[in-house]
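Inside the fold
Chain residues, written in single-letter form:
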Amino acid sequence: MTESVIRNKPGMASVKDMPVLQDGPPPGGFAPVRYARRIPNKGPSAMAIFLAAFGAFSYGMYQVGKGNKIRRALKEEKYAARRAILPVLQAEEDERFVKEWKKYLEYEAEVMKDVPGWKVGENVYNSGRWMPPATGELRPEVW
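Along every chain, residues carry numbers that run from 1 in the direction the sequence is written. Confidence filtering applies because this is a predicted model: local features only for residues at pLDDT of at least 70, side-chain atom pairs given and counted only at 80 or more, and all residues used for totals across whole chains, interfaces and linings. The side-chain quantities take in all heavy atoms of the structure and omit both hydrogens and water.

If you look the chain up in an unreviewed UniProt entry, it shows as NADH dehydrogenase [ubiquinone] 1 alpha subcomplex subunit 13 from Hibiscus syriacus. Under the UniProt heading Subcellular location (unreviewed entry), the note attached to the chain is "Mitochondrion inner membrane". Listed under Function (unreviewed entry) in UniProt, the entry text for the chain is "Complex I functions in the transfer of electrons from NADH to the respiratory chain. Accessory subunit of the mitochondrial membrane respiratory chain NADH dehydrogenase (Complex I), that is believed not to be involved in catalysis." UniProt positions are given in the numbering used here, feature names are shortened, and annotations may be inferred rather than shown by experiment.

As a further point, take a nonpolar patch on the surface. Exposure above 30% relative accessible area and no salt bridge define the residues that can form patches, which grow by joining like charges within 9 Å and nonpolar side chains of Val, Leu, Ile, Met, Phe, Trp and Tyr within 5 Å. For every accessible area listed, the method is Shrake-Rupley and the probe measures 1.4 Å; residues are considered covered only by the protein chains on display. Throughout this description, the term salt bridge denotes a Lys or Arg side-chain nitrogen within 4 Å of a carboxyl oxygen of Asp or Glu. A surface patch of nonpolar side chains, amounting to about 510 Å² of accessible area, comprises Val115, Trp118, Val120, Val124 and Tyr125. Relative to the assigned elements, valine 115 resides in the segment after helix H2 (46–111). Labels follow the DSSP assignment, with helices taken as runs of H or I lasting at least four residues and strands as runs of E lasting at least two, numbered in each case from the N terminus.

To continue, consider the UniProt feature "transmembrane region" (unreviewed entry) in the chain. Mapped onto this numbering, the UniProt entry gives "transmembrane region" (unreviewed entry) at residues 45–62. With 94% helix and 0% strand, residues 45–62 has its two end C-alpha atoms placed 26 Å apart.

In this fold, glutamate 108 is placed in helix H2. As used in this structure description, the phrase polar contact means that two N or O atoms lie within 3.5 Å; if the pair is within protein, one of them must be able to donate a hydrogen and the other to accept it, and residues adjacent in sequence are counted only when both atoms belong to side chains. Among the polar contacts made by the side chain of glutamate 108, one reaches the side chain of tryptophan 118 at a distance of 3.0 Å. In this structure the side chain of glutamate 108 is engaged in a polar contact, spanning 3.5 Å, whose partner is the backbone nitrogen of glycine 121. Every residue in contact with glutamate 108, bar those within four places of it in the chain, is listed here: Trp118, Lys119, Val120 and Gly121. For this analysis, residues touch if any pair of their heavy atoms sits within 4.5 Å.

Looking now at the pattern of salt bridges. Per the counting criterion, the structure on display carries four salt bridges. With its nearest N and O atoms 2.8 Å apart, the salt bridge here joins arginine 96 to glutamate 93. Of this pair, arginine 96 and glutamate 93 both sit in helix H2, three residues apart, which is roughly one turn of the helix. For lysine 103, the salt bridge is made with glutamate 100, and the minimal N-O distance between the two is 3.8 Å. With lysine 103 and glutamate 100 both in helix H2, this residue pair falls three residues apart, about one helical turn. Given the relative accessible area of 44%, lysine 103 is considered partly exposed. Burial classes: relative accessible area under 20% of the type maximum marks a residue as buried, over 50% as exposed, and values in between as partly exposed (1.4 Å probe, protein chains only).

Here it is, written out as structure tokens:
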């Protein structure tokens with residue numbers, strides 16, 4: 001189709017002779033443009049969200065408290081078992097200490113036999129009270 005047929009103007013010699021056809025709004029105008037902020041009233045209210053969060057927090061704290069009670073009971077049971085077995089462990093350590101002390105005194109007597117006035121097993125510090133030997137002093141692997 002030619003321009004002359006579309007515009008109903010037959011025999012135009014130039015494009016300049018054509019009438020101006022400008023786009024315009026549709027009849028009745030365009031639909032209004034929504035530019036306002038319209039937030040829908042959907043979902044829970046602020047109070048409902050707050051109460052739900054408070055409820056979840058409260059339940060979590062309740063569970064933490066229950067866990068603390070259970071953990072405390074288990075810890076007390078462990079400590080009670082340790083207190084019950086402590087005398088047996090102390091007796092075993094005392095028995096080991098006496099054996100090692102006798103070996104130590106025999107070793108001291110053998111090493112110091114040539115020193116005049118040396119008393120085997122006597123404390124060299126003369127503090128007047130008994131002190132257990134320092135850690136590792138009666139261990140054969142240390143000598």
